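Reading the structure
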Amino acid sequence: MNKWIPVSGLLLAAALTATACGGGKSDNAAPAASAAASAASSGAARTITVNAKNFEFDQKEIKVKKGDSVTIALNNSQGNHGLKIEGYDVEVKGGKSVTFTADKAGEFNFSCSIMCGAGHAEMTGKLIVE
Ligand SMILES: [Cu+2]
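Here the residue numbers are simple positions, counted from 1 along each chain's written sequence. Local features in a predicted model are, by the rule used here, given only for residues with pLDDT of at least 70; side-chain atom pairs are given and counted only at 80 or more, and totals for whole chains, interfaces and linings are based on all residues. For the side-chain quantities, the full set of heavy atoms in the structure was used; hydrogens and water were omitted.

Description of the coordination of the copper ion
The rule for donors is simple: N, O or S, within 2.8 Å of the metal, or within 3.2 Å if the metal is Na, K or Ca. Water isn't counted, so a site may look like it is missing partners. Taken together, Cys112 (SG), Ile114 (O), Cys116 (SG) and His120 (ND1) make up the protein donors of the copper ion, found 1.8 to 2.3 Å from the metal. A site with four donors is called tetrahedral when every donor-metal-donor angle falls between 85 and 135 degrees; four donors are called square planar, and six octahedral, when opposite donors sit more than 155 degrees apart and all other angles fall between 65 and 115; any other arrangement is irregular. In this structure, the copper ion is coordinated by 4 donor atoms arranged in tetrahedral fashion, with angles at the metal of 88 to 119°. The sequence pattern formed by the donor residues of the copper ion is C-x1-I-x1-C-x3-H. Throughout this description, buried means an accessible area under 20% of the type-specific maximum (1.4 Å probe, protein chains only), exposed means over 50%, and partly exposed covers the range between. For His120, a relative accessible area of 16% corresponds to the buried category.

Considering the pattern of salt bridges
It is possible for side chains of opposite charge to pair when their charged atoms get near one another. The rule for a salt bridge is simple: a side-chain nitrogen of Lys or Arg has to be within 4 Å of a carboxyl oxygen of Asp or Glu. Scanning the model with the defined rule gives 5 salt bridges in all. Taking the shortest distance from any N to any O, the salt bridge between Glu56 and Lys60 comes out at 3.6 Å. Given a relative accessible area of 33%, Glu56 falls into the partly exposed group. As a salt-bridge pair, Lys93 and Glu91 come within 3.5 Å of each other at their nearest N and O atoms. Ionic contacts of the salt-bridge type, sharing partners, join the residues Lys53, Glu56 and Lys60 into one network.

As for the nonpolar core
Put simply, buried Ala, Val, Leu, Ile, Met, Phe, Trp, Tyr and Cys residues joined by side-chain atoms within 4.5 Å make one nonpolar core. Grouped together as the largest cluster of nonpolar side chains are 25 residues, with contacts concentrated most on Phe57, Ile72, Leu83, Ile85, Tyr88 and Leu127. Elements supplying a minimum of two residues to this core: β1 (45-53), β3 (61-64), β4 (69-76), β5 (82-85), β6 (90-93), β7 (97-101), β8 (106-111) and β9 (124-129). Here, residues are in contact when the closest pair of their heavy atoms is within 4.5 Å. Apart from the residues within four sequence positions on either side, Leu127 is in contact with Ile62, Val64, Ile85, Tyr88, Phe100, Gly106, Glu107, Phe108 and Phe110. Under the DSSP-based scheme used, a helix requires at least four consecutive residues in state H or I and a strand at least two consecutive residues in state E, with every element numbered from the N terminus.

Rendered as structure tokens:
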């Protein structure tokens, strides 16, 4: 009976060693994940002021880089207008600003979000995220 005690001790030691190795593998995955997170948030902060009047935006094309933190400030020099970007959940009204992360590449149409009159449908532009 005494003979079995050292054997079970060895098995326990082997089990602990195996567990330690498994732990080492999962530790290796953690730095890779945090590196990807910091790469996504390394974009520049950009502020774009858009002036709106009846019936156009002065910026028809807004170009940013993917990952940028984009602030759009809308200034109504004439009339009452808003700016809404399709594909992003972003809308800003005159006199205000909105900040979002341009995390999707592509071209996204924006348009006036307030019925402002006869030329309302012509108030469009494009956000280009590259
Ligand atoms: Cu409008």
